[in-house]
Every structure is written in structure tokens, then in C-alpha cells.
Amino acid sequence: MKKLKSSYIMYIILILGLITSTGCSSALMFPLFLIKGTDVDPEFKKEVKSIPKKSKMVVIARTGSKLFGSENPSAPLSNCITLLLSNKIDEKKKLEWIPYEKVESTFDDETLLLENFTRMGKELEADYVIGVDIDHFSTQLSSQLYQGRSKVQVQMIEVKTGKAVVRKTMPEFVYPPTPTTANGKHPTEFQKNYIGKLSEEIGNLFCAYDPHKKYAMDSDFPDR
């Protein structure tokens, strides 16, 4: 044990010596990755941390915008975000996630579109609603050219008080950065892929994430 500790101290001294001799602070990056990892904290870290244990959560995405060559993304986006957050938010909180199927069975399309999130949360007996208003959504530039584009507003409402704990209008999310040809892929298949990426982008507001993934989005289409 003493030998291991001595080796570790010598390693730290070696790194510090490298910094001193080269003036390069980036020399510390490698050991910091080993200690902390590459993930960055989410924008809403403080608000997520303040959610009481065993709270009932529900994700409701909805759109009143025109859909350009796309199917309504509300249900699949709600389900994707729910799955992502339920897997990534600290399991010690033991949060209960209300399935979107219950949302659909409780509210008709008109109510879902026009009712405010607080009232829907009360009807569903939720403690918090993560509401996603889809202002624009499209996945096709033409019949043979795909590129997803959407603009959404995300908020988390505490149902008891009706207060929006967080609210953010996100910049337009474009995926992939460069349009891709259909290449035999059905529009529904591409939309499913795009919704998965959009849910990750929204999830990054609430959960720690790897920022390097954003720079590799074009590599998802190597045959382009």
C-alpha cells in the first residue's frame, strides 16, 4: 500500500514538473479525465438536485405547429425524454415517471394542445411536469433529402405552486448538420433517429453529458 502511494505521489510530482518546465497547463488534462471524466454538468443541475425524493414526474411534449413532411412527434419525443431522464437522473431520488400513455388516455388532442401544464399535472397527480412546446418540426428538405430541424421551449413546472422552476427556449436543433440523401431509408426511420437526437439535446439540460458527441453528429452517416 505504501509503495502504491509513493508511486502515485511521484506521478503527481512528474506532472507538476512537466507543467513547470513547459508552461503547458493542458498536461493536467489526462489525469483530470481519469479522476472526473469528460461529462459536463447540465444547465439545470441545481433545480434537478432540489427535486424531492420519490416525486412523481411526467414529460409532456406537444406541437401546434405545421409538420413539414413529418408525423406528429409529441408521443415519441415524450417517451424518449422520459426514458432518458429516468435512466440518467440520480437513482437515489427514486422518482416515479408517469408514462405518456396515461397522458394520452386522460386528455384528448385539443385539451393536450390548449390546457396549461399545471392543470394537466394536477389531473395526472404529478409533482412536476417537464413540458416541451414544439414550435417548429420538420425532417425532410425534399422527398430524397433528409435533415431534421426543430425549435422547442422546455420548462419544468412544480405542480403544487404552478411555478416554472426552469424555462428555456432552445436554439434551433439541426441534425445532421449536413443534409443526407434518403438512400433507401424510410422517412419514419429517419424521424425516429432525429427524435432520439432531439431528446438527448433536451435531456442535456437536466443530466450530465459528454460534449464531444455533438462534434461527431455528421459521422452518423458515413455512407453519405
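Described below are features of the structure shown in this document. It should be emphasised that the depicted structure is a prediction, and the values quoted were computed from it without experimental measurement.

## Things to note about the pairing of strand E1 (residues 56–63)
Then, in step 1: The buried count for E1 comes to seven of eight residues, which makes it a mostly enclosed element.
Then, in step 2: Pairing between E1 and strand E4 (residues 128–142): seven bridges, direction parallel. Bridging across to E4, Val 58 finds its partner in Val 129.

## Regarding helix H4 (residues 74–88)
Then, in step 1: Here H4 contains 15 residues, and its C-alpha end-to-end distance of 21 Å stays within 8% of the 21 Å for a straight helix at 1.5 Å per residue.
Then, in step 2: Of all the positions in H4, only Ser 74, Leu 77, Ser 78, Ile 81, Thr 82, Leu 84 and Leu 85 are classed as buried.
Then, in step 3: Looking at the buried residues of H4, the elements they touch are E1, strand E3 (96–98), helix H5 (100–106), E4 and helix H8 (187–203).

## With respect to a negative patch on the surface
Then, in step 1: Taken together, the side chains of Glu 101, Glu 104, Asp 108, Asp 109 and Glu 110 define an acidic patch exposed on the protein surface.
Then, in step 2: Of all elements in the fold, only H5 and helix H6 (109–114) reach the threshold of two or more residues within the negative patch.
Then, in step 3: Mapped onto the secondary structure, Glu 104 falls in helix H5.
Then, in step 4: Looking at Glu 104, the relative accessible area reads 44%, which means it is partly exposed.

## Focus: the nonpolar core
Then, in step 1: Counting residues in hydrophobic clusters, the biggest one holds 35 residues, and the most contacted among them are Leu 77, Leu 85, Ile 130, Val 132, Val 154, Ile 202 and Phe 206.
Then, in step 2: Non-local contacts of Val 154, meaning those with residues more than four positions away in its chain, are made with Ile 130, Gly 131, Val 132, Val 166, Arg 167, Lys 168, Met 170, Ile 202, Leu 205 and Phe 206.
Then, in step 3: Listed in part, the 14 residues of the second largest apolar core include Val 103, Phe 107, Ile 157 and Val 159.

## A word on a positive patch on the surface
Then, in step 1: A surface patch of like charges, here positive, comprises Lys 53, Lys 54, Lys 92 and Lys 94.
Then, in step 2: Here Lys 92 shows up in the loop between H4 and E3.

## Concerning the packing of aromatic side chains
Then, in step 1: Under the defined criterion, the tally for this structure stands at four aromatic pairs.
Then, in step 2: Centre to centre, the rings of Phe 44 and Phe 206 are 5.4 Å apart; their planes meet at 65 degrees, and the pair counts as edge-to-face. Remark: Phe 206 occurs in the segment after H8 and Phe 44 occurs in the loop between helix H2 (29–36) and helix H3 (45–49); sequence separation between them is 162 residues. Take Phe 44 and Phe 206: they sit in the same class, and that class is buried.

What counts, and where the lines are drawn
Residues numbered from 1 in each chain as written. Predicted model: local features only at pLDDT ≥ 70, side-chain atom pairs only at ≥ 80, totals over all residues. Heavy atoms only, no water. Buried < 20%, exposed > 50% of the residue type's maximum accessible area, 1.4 Å probe, protein only. Helix = DSSP H or I, 4+ residues; strand = E, 2+ residues; numbered from the N terminus. Pairing = 2+ DSSP bridges. Expected span 1.5 Å × (residues − 1). Contact = heavy atoms within 4.5 Å. Patch = residues over 30% accessible without salt bridge, like charges linked within 9 Å, V, L, I, M, F, W, Y side chains within 5 Å. Areas by Shrake-Rupley, 256 points an atom, 1.4 Å probe, with all protein chains shown as cover. Salt bridge = Lys/Arg side-chain N within 4 Å of Asp/Glu carboxyl O. Lys, Arg positive; Asp, Glu negative; His and termini not counted. Charge placed at Lys NZ, Arg CZ, Asp CG, Glu CD. Core = buried A, V, L, I, M, F, W, Y, C linked by side-chain atoms within 4.5 Å. Phe/Tyr/Trp six-rings, centres within 6.5 Å; stacked < 30°, edge-to-face > 60°.

Interpretation in functional terms is not warranted from these geometric data alone.
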